[in-house]
Amino acid sequence: MNKKAVLITGAAGGIGACVAETLAGERYNIIITDVIPEEKAENTINKCKEKGAEVLYIQSDVSSYSSCEEAVKQSVEKFGGIYGLVNNAGIIKDALLMRMTEEQWDNVISVNLKGVFNMSHHVVPHMVKAKAGRIVSLSSVAGIYGNAGQTNYSSTKAGIIGFTKSLAKEVGARGITVNAVAPGFIETPMTANLPQKAVEEATSRISLKSFGSAQDIANAVSFLISDKASYISGHVLSVDGGMSL
């Protein structure tokens, strides 16, 4: 039985790496793309291989249309097609709007939103040809409810929701599902730097009274990639511990 290939952007570390390792253990071959050199992603690559996956690492910048085109080309040459795409790559450059620079705005839009377009644009034709595919993009509760100091980030994550629902309508008849996962507060190197007061305030708003883990997000992505979610499309799955209640 040939394993299906899944491409995960920004997967050298953090949530993306956890997604890659989880899917590797579920009989998928893994394509990891990230802006960092391959040698800096050896830990993730090795963990995926230990779980039985064949792994292709491509140093690629999601904000670059041509870089994404080349990454998809290499992936198809290696595995014959791409069954799943996980648009995970993202950055933050927080500031109040009146202090936010044009560069801070443009950088976040280019990676978080244009990156989803770039990679999806090049992957979708191969899924259409195969008449099958799964696309899962990482949004955020910030894209649903907004967050002070994150007009750039929240705009991209809200944009991903609109992108997901629109693309789901375009490609559903071709056997392709398109969904999004909206994480709440997750334990990552990013949230590890939050002041204790901010952590306490955030935790007080979460029904489960704790931050989530990268594995919680990986589990949600895994479900949406799997056959168990074959009749789910255009959906935004919040993984926030009940923060939005």
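Since we're looking at a predicted model, the values are computed, not measured.

A. Highlighting the pattern of salt bridges. Following the criterion strictly, the structure yields 3 salt bridges and no others. The shortest N-O distance in the salt bridge between Arg 134 and Asp 227 comes to 3.9 Å. Placement of Arg 134 in strand 5 (residues 133-138) and of Asp 227 in the loop between helix 8 (214-225) and strand 7 (236-239) is noted, with a sequence separation of 93 residues between them.

B. A look at helix 8. In this model, helix 8 (12 residues) spans 17 Å end to end at C-alpha, consistent with the 16 Å of a helix rising 1.5 Å per residue. Three or more residues of helix 8 are buried, namely Ala 214, Ile 217, Ala 218, Ala 220, Val 221, Ser 222, Leu 224 and Ile 225.

C. Region of interest: the layout of surface pockets. Within this model, the largest pocket holds a volume of roughly 1300 Å³. Taken together, 48 residues line the largest pocket, and the ones lying closest to its centre are Gly 90, Ile 92, Tyr 153, Thr 188 and Met 190. Going through the elements one at a time, helix 1 (14-24), strand 2 (28-34), helix 5 (142-145), helix 6 (151-171) and helix 7 (196-204) are the ones with two or more residues in the lining of the largest pocket. Looking at the lining of the largest pocket residue by residue, the class counts come to 24 nonpolar, 18 polar and 6 charged. Put simply, the second largest pocket is a space of about 240 Å³. Considering the residues around the second largest pocket, the lining is formed by 16 residues, among which Phe 79, Gly 80, Gly 81, Ile 82 and Tyr 83 are closest to the centre. When contributions to the lining of the second largest pocket are tallied by element, the ones reaching two or more residues are strand 1 (4-9), helix 3 (65-79) and helix 4 (102-130). If one sorts the elements of the lining of the second largest pocket by residue count, helix 4 sits on top with 4 residues. Tallied by class, residues from the lining of the second largest pocket come to 8 nonpolar, 5 polar and 3 charged.

D. Seen up close, the pairing of strand 3 (residues 55-59). With 4 of 5 residues buried, strand 3 is to be regarded as a mostly interior element. Bridge count for strand 2 against strand 3 is 5 bridges, and the pairing is parallel. Residue Ile 32 lies in a different strand from strand 3, and its bridge partner there is Tyr 57. Following the chain from strand 2 across helix 2 (residues 42-50) to the adjacent parallel strand 3, one finds a crossover that is right-handed.

E. Structural detail: the nonpolar core. Ile 8, Ile 30, Ile 32, Val 181 and Val 221 are the most contacted members of the largest nonpolar core, which totals 34 residues. Every element with two or more residues in this core is listed here: strand 1, helix 1, strand 2, helix 2, strand 3, strand 5 and helix 8. No other element matches helix 8, which puts 7 residues into this core. The residues contacting Ile 32, other than those within four sequence positions of it, are Ile 8, Ala 11, Ala 12, Ala 20, Thr 44, Ile 45, Cys 48, Val 55, Leu 56, Tyr 57 and Ile 58. Core analysis: the second largest hydrophobic core is formed by 25 residues, Ala 71, Val 124, Ala 168 and Val 171 among them.

What counts, and where the lines are drawn
Residues numbered from 1 in each chain as written. Predicted model: local features only at pLDDT ≥ 70, side-chain atom pairs only at ≥ 80, totals over all residues. Heavy atoms only, no water. Salt bridge = Lys/Arg side-chain N within 4 Å of Asp/Glu carboxyl O. Helix = DSSP H or I, 4+ residues; strand = E, 2+ residues; numbered from the N terminus. Expected span 1.5 Å × (residues − 1). Buried < 20%, exposed > 50% of the residue type's maximum accessible area, 1.4 Å probe, protein only. 1 Å grid on protein atoms, 1.4 Å probe; cavity = no way out; pocket = protein on both sides within 12 Å on 5 of 7 lines; lining within 4 Å. Points joined across faces, edges and corners; volume = space filled by probe spheres on them. Nonpolar A, V, L, I, M, F, W, Y, C, P; charged D, E, K, R; others polar. Pairing = 2+ DSSP bridges. Right-handed = clockwise from strand over helix to strand, strands pointing away. Core = buried A, V, L, I, M, F, W, Y, C linked by side-chain atoms within 4.5 Å. Contact = heavy atoms within 4.5 Å.

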